Amino acid sequence: MIGAITQSPFSFTRQGLKGYEWFLQRTLEILPGAMSWSILIGMTWMAFSEPLSAAVLIIAFYLYWLLRLWYMTFFLIISYLRLSIEKETDWMMRIHAMGMLDGCVKGMQKSPPSANLQARFSGWLYRRQLEVVARSGNLIPSAREIYHVVIIPVAKESRAIYEPGVARLIEQRFPSQQLIVVLAIEERGGEQIRLEANTVQQVYRKHFSDFLVVVHPGGLAGEAQVKGANITYAASVVAGVLQQRAISFQNVIVSCLDADTVVDLNYFSCLTYHFMICPQRTRASFQPIPVYHNNIWDVPGFARVLDVGSSFFQLVEATSPQTLVTFSSHSMSFQALVEIGYWPVDMISDDSAIFWKALIHYEGNYRVIPIPVTVSMDVAVSDSWRKTVVNVYRQKRRWAWGVENLPIVFRGFLHTKNFPLFRKLSYAFKLLEGHVSWATWSFLLGLIGWLPALFAGQEFSSSVVYYTAPRVSATIFHLALVGLGTTIVLSLCLLPYPLIGHPIMRKIGHMFEWLLVPVVAIGLSAVPALDAQTRLLLGAYLEFWVTEKKR
Amino acid sequence: MVWLRKIIFVCFLVAYLILCPLTVLYVLGYVIQPAVSQGIIKTGLIVIRTVPSGASIYLNGKRFAKRSPAILHRLLPGSYQVKITLPGYAPWIRRVNVEPQKATALDHVLFVPKHLQPVSVLEGPYQNLIPIPQTRWLLLAGTKRLANWVVYDWQSRKGYPVISDSSVFGNAEVIEPITMEESPLVLLRVQDEGIERFLAVELSSHGTHSLRDISPLFPKSLEQVIWEGHQTDFLFTFQEHYVNRVDPQLMAIYPRIVEKVSGFGTDAEGLYVLTEDGSLIRLDFEGTRPEAIFEQVFINPAWLNKQAPIHLFVFPRHFFMGRTKGRECFLIHPSIKWHEQGIQDFLYERQQHRLWIWRKRELGILKLPSMDRDTDSEKMPRQRPLNVQWILKDAENLRQVFGVHEGSHVLVLDGDRVFLQEITAESDTAVERYPLIQVLPRSTIVYVESEGLLYYLDPTTKSLTSLTLVPDRSAPSSSSLLSSVSSIE
């Protein structure tokens, strides 16, 4: 049974467009790839034809990059500290305290003198949050009324991949009897996948409020073979179940977790707390910090560095809720999900697309709340080193395929009337700049920036710039080592202790793995991003590809 | 967090807006000098690299804090006296002009020791020294008798007799050694018991040399023999306007592989032939698959039909040099017109794409244009003349020239005296001349750029002696980019 879907006047899809809308969509699809290629080709051409101008532009870019790196490093530290501070927080206690908000605010005036610095700071943040909630006068739902729908999409993944994640749900500090678990199975996955899902359902059903196995039939009209279609179908079935059980959508939080996701023990308590204190909780998504710790010590060094880098990027992003976009496993109000018409059923990047869809639907009145808790996933790995490279490459290209959102989001912005212009411009700039810099910066830093000096002609090599530019570049790169050093230290703090071998030696070895950054940043980050943008530019759309996960 | 982020963002934005223009101005050579009326002025710089490094630098008499290599930044435009000193070496003093936003590169300053320290590397006595360009060997002649000839391997620093004591050719007298660039094969034209013979010596890095008598392969009226350095199975001889191919391994002759030949030469791609009708063709080493390089070469017809062949030298970018027995040299290219008489020899520098050319009393530079055969020559159907820039005109008897330290200097053997001549990079003019040594009369010298070593025969002891000219090979790009085309014929 399909739940009540409120259709937005703007259709968040590239399918079925005609006339001007098609032309606009196609033009905007070309835009990011054209910009990236123009920058790369233009700078290469300039390096040979106008080396002096190229060298000056590159220095200006290096300086921008350095400041941006420092800026990000600063917020990486802030974000990491925030994550560390809340590590020992008793979220369930805070949830229960919500029932007596006034007394709680007064009682929290001072932290106990015996508390450590982390606990004091956490207490201070908690106090501020309660004051804001108390001042707002918003009604806070009872924790007992809140239900969590956990959708775990399964395409071809075996039971071994998703069962640890399901088992972890039982261990949650939040009562598992308020969790409705849904295994969203693809019909095309085959009978074996379905049988395994049914077995898992039988084993774990008693621990949850409900445990559903929803089989998504293939070939439904308007759908592509994407994860969004599967989870949309599952969510629509859940909507029917919730209606039958008279559970208000407003009190339901839906979490879409990748099959390999293992959430922190505090995940649902932390999520519930932030949902409760959120002033407009049905206009928000909740973004945990994705980490790739499930098999982090079983993968080649380059993959480890790359995925630690991805986690750090999300940590930095978490400090900017105004422009934060959902990524990978995340949660949101079920009410909002139903109102905006669920996930796009024809897009690969459903994790970010759902945010953009909501943002446009609610005319900018939607946001992402970062929550200081982690969800752990697998690093894409395979049988051999070479296959792992291919696997990682294809996974990063799929992430970069998030660029498919850009033309639809831009068109959506043009359709909105009450969306504040500055916020629209801010989001549009971030989306475009993010993708273009992803595809170009590593090339500029690692390759193109060196061309003017390497292929200098007689005229350029006798200019002052020829001698001063490398000197300034070297200084900038030395200063950038501050950022790299901080990143290495934080990665050592964030990574779990290796369970096999010599833990200290492995961690020391990991420090040296960061030397791979220049190669990895180009080969397994910029190239896949450029690949994705070029495909979009040429209209060669990506098919969904399930990342191979090994346990 | 939101307000913190905004504050930090504004701080970084302001920092960038201030730092970026200042950095760019610095990179471009601008400095802010409030005392000067203009406020912001353009500066230039001087780059100094010396061999050996660590030299003290004085600018207009004031010592610069850093030692070489160094870059002297933010210099106001004008003329500066640069003095560079290093204990034990002659000081290097020049007046240089600094132009706004320009770099004056003094990056090939080579110090010559005040007291030279030659090292005897192989006891003599020897009468002459024969270079084998672009190889690890050189030949030393004790007397005309072959038993007294030695091969010196400058990489292993060892000398070996060319033939063993028991060889039947020990008493043969060497008339002429024939060597080719990059080739381990040496042909010795000898007189053995009244009979003229050709002996082929294949040099080896292990010190063992194979020697074979290949006289039957060569006619009595042999005019010239050439081969490509690495293709020692493909020797080409010239006889009465045709070319024979000779295979010394199989002891086989392939007669008349090309006829109506006026001149010939080789490179790694094959055999080049200048025909009697004035066209230049290329064949493979077997003498087959002819390919026209230039349909019609504009050269003096009188040179084409002489009995002695024109020796062709092949340079990159399809430039060819012809040299007649009468010491007339000319360039072969559709767009270039140049010839000169009385040329002793020449040296091609790959990096600068130029030729050092010398007569008995003059040394000059011929800069080859950087044009392509297939494109530029079509655009410029008319030949344009090239001129040699003569930089030395007071020599007594120029015999050998070598490029030193990436072409910044030339090593010259003038009569029996050797001197080092510094050349300015900007104007290709001779600057300073450093007299070095006297060599054994009528003997030649060898300079190994990769080692920075000069080999010569000491006039007193007649021993093979070495002199270090470029001691610090780790200094700027020490790899040898010079290629000598000189050969002893």
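Here is what the cut-offs are and how they apply
- Residues numbered from 1 in each chain as written.
- Chains lettered and ligands numbered in written order.
- Predicted model: local features only at pLDDT ≥ 70, side-chain atom pairs only at ≥ 80, totals over all residues.
- Heavy atoms only, no water.
- Helix = DSSP H or I, 4+ residues; strand = E, 2+ residues; numbered from the N terminus.
- Buried < 20%, exposed > 50% of the residue type's maximum accessible area, 1.4 Å probe, protein only.
- Contact = heavy atoms within 4.5 Å.
- Areas by Shrake-Rupley, 256 points an atom, 1.4 Å probe, with all protein chains shown as cover.
- Lys, Arg positive; Asp, Glu negative; His and termini not counted.
- Charge placed at Lys NZ, Arg CZ, Asp CG, Glu CD.
- Buried area = accessible area lost by both parts, 1.4 Å probe.
- Salt bridge = Lys/Arg side-chain N within 4 Å of Asp/Glu carboxyl O.
- Polar contact = N/O pair within 3.5 Å; in protein donor to acceptor, adjacent residues only side chain to side chain.
- Phe/Tyr/Trp six-rings, centres within 6.5 Å; stacked < 30°, edge-to-face > 60°.
- Axes fitted to C-alpha atoms, helices over the stretch in contact; angles between N-to-C directions.
- Parallel < 35°, antiparallel > 145°, perpendicular 65-115°, else oblique.
- Nonpolar A, V, L, I, M, F, W, Y, C, P; charged D, E, K, R; others polar.
- Pairing = 2+ DSSP bridges.
- pLDDT = per-residue confidence, 0-100.

1. Concerning the overall build of chain B
Reasoning step 1: Of regular secondary structure, chain B possesses three helices and 44 strands.
Reasoning step 2: Counting only C-alpha atoms and orienting by the principal axes, one finds that chain B spans roughly 95 × 55 × 55 Å.
Reasoning step 3: Taken over 489 residues, chain B has a buried fraction of 54%.
Reasoning step 4: If you take every contact in chain B between residues at least 6 apart in sequence, the share linking residues at least 24 apart comes to 49%.
Reasoning step 5: Within the structure as shown, chain B displays about 22,300 Å² of accessible surface, and the carbon and sulfur contribution to it stands at 52%.
Reasoning step 6: Separation of charge centres in chain B, based on 51 positive and 51 negative side chains, amounts to 10 Å.

2. Section: the interface of chain B and chain A
Reasoning step 1: Facing the 28 residues of chain B at the interface are 25 residues of chain A.
Reasoning step 2: In this assembly, chain B packs against chain A so that about 2,500 Å² is buried in total across both faces, 75% of it on carbon and sulfur atoms.
Reasoning step 3: By the criterion of area lost to chain A, the three top residues of chain B are R5(B), F12(B) and V27(B), representing 28% of everything that side buries.
Reasoning step 4: Taken together, the connections running from chain B to chain A amount to zero salt bridges.
Reasoning step 5: Linking chain B with chain A are eight residue pairs in polar contact (both at pLDDT 80 or more).

3. Quick notes on the packing of aromatic side chains
Residues and elements named next belong to chain A.
Reasoning step 1: Enumeration according to the criterion identifies 43 aromatic pairs over all chains in this entry.
Reasoning step 2: Taken together, a centroid distance of 5.5 Å and an interplanar angle of 75° make the contact between F61 and W441 edge-to-face. Here W441 lies in helix α15 (residues 421-446) and F61 lies in helix α2 (residues 51-85), a separation of 380 residues in the sequence.
Reasoning step 3: What makes F61 buried here is its relative accessible area of 14%.
Reasoning step 4: On the numbers, 5.6 Å between centres and 50° between planes, the contact of W65 with F477 is tilted.

4. Topic: the packing of helix α10 (residues 301-317) of chain A against helix α20 (residues 517-538) of chain A
Residue and element names in this part refer to chain A.
Reasoning step 1: Closest axis-to-axis distance for the α10/α20 pair is 10 Å, and the angle between their directions is 75°. Relative to α20, α10 is oriented roughly perpendicular. Of the residues in α20, those in contact with F302, V305 and L306 of α10 are V517, V520 and L524.
Reasoning step 2: Each residue belonging to the contact of α10 with α20 can be placed in one class, and the counts come to six nonpolar, no polar and no charged.

5. Description of the environment of H478(A)
Reasoning step 1: As for its position among the elements, H478(A) is in helix α18 (residues 464-494).
Reasoning step 2: For the pair H478(A) and V149(A), spaced 329 residues apart in sequence, the C-alpha separation works out to 49 Å.

6. Re the sheet that holds strand β16 (residues 185-192) of chain B
Residue and element names in this part refer to chain B.
Reasoning step 1: Strand order in the open sheet made by the four strands is β15-β16-β17-β18, with antiparallel pairing throughout. Each end of this open sheet is capped by a strand with a single partner; those strands are β15 (173-179) and β18 (210-213). Neighbour-to-neighbour, the strand axes of the sheet open up by a mean angle of 25°, direction not taken into account.
Reasoning step 2: Note that β16 and strand β17 (residues 195-202) share eight bridges and pair antiparallel. Across the sheet, the residue bridging to L187 is A200, located in β17.

7. Looking at the sheet that holds strand β21 (residues 242-247) of chain B
Residues and elements named next belong to chain B.
Reasoning step 1: Ordered by their spatial adjacency, four strands build an open sheet running β19-β20-β21-β22, and the pairing between neighbours is antiparallel. The open sheet is flanked by β19 (224-227) and β22 (252-259), the only strands paired with a single partner. Pairs of neighbouring strands in the sheet enclose a mean axial angle of 25°, with direction left out of account.
Reasoning step 2: Relative to β21, strand β20 (residues 235-239) is paired through five bridges, and the arrangement is antiparallel. Along β21, the bridge assignment pairs Q239 with Y242.

8. Details of the confidence of the model for chain B
Detailed reading of the predicted coordinates is not advisable wherever pLDDT is low.
All names here are of chain B.
Reasoning step 1: Looking at chain B, pLDDT values average 86 and 91% of them are 70 or higher.
Reasoning step 2: Note on residues 474-489: pLDDT under 50 across the span, and 51 contacts to partners over four residues away in sequence or across chains.
Reasoning step 3: On the interface metric, ipTM, the complex scores 0.84, and its pTM is 0.77.

9. Re the pairing of strand β8 (residues 367-376) of chain A
All names here are of chain A.
Reasoning step 1: β8 sits mainly inside the fold: nine of its 10 residues count as buried.
Reasoning step 2: Judged from the two bridges that link them, strand β5 (residues 262-263) and β8 form a sheet pairing that is antiparallel. Each bridged residue has a counterpart across the sheet, and for V263 the counterpart in β8 is V375.
Reasoning step 3: For strand β6 (residues 284-291) and β8, the ladder comprises seven bridges, and the chain directions are parallel. Opposite Q287, over in β8, you have P370 as the bridge partner.

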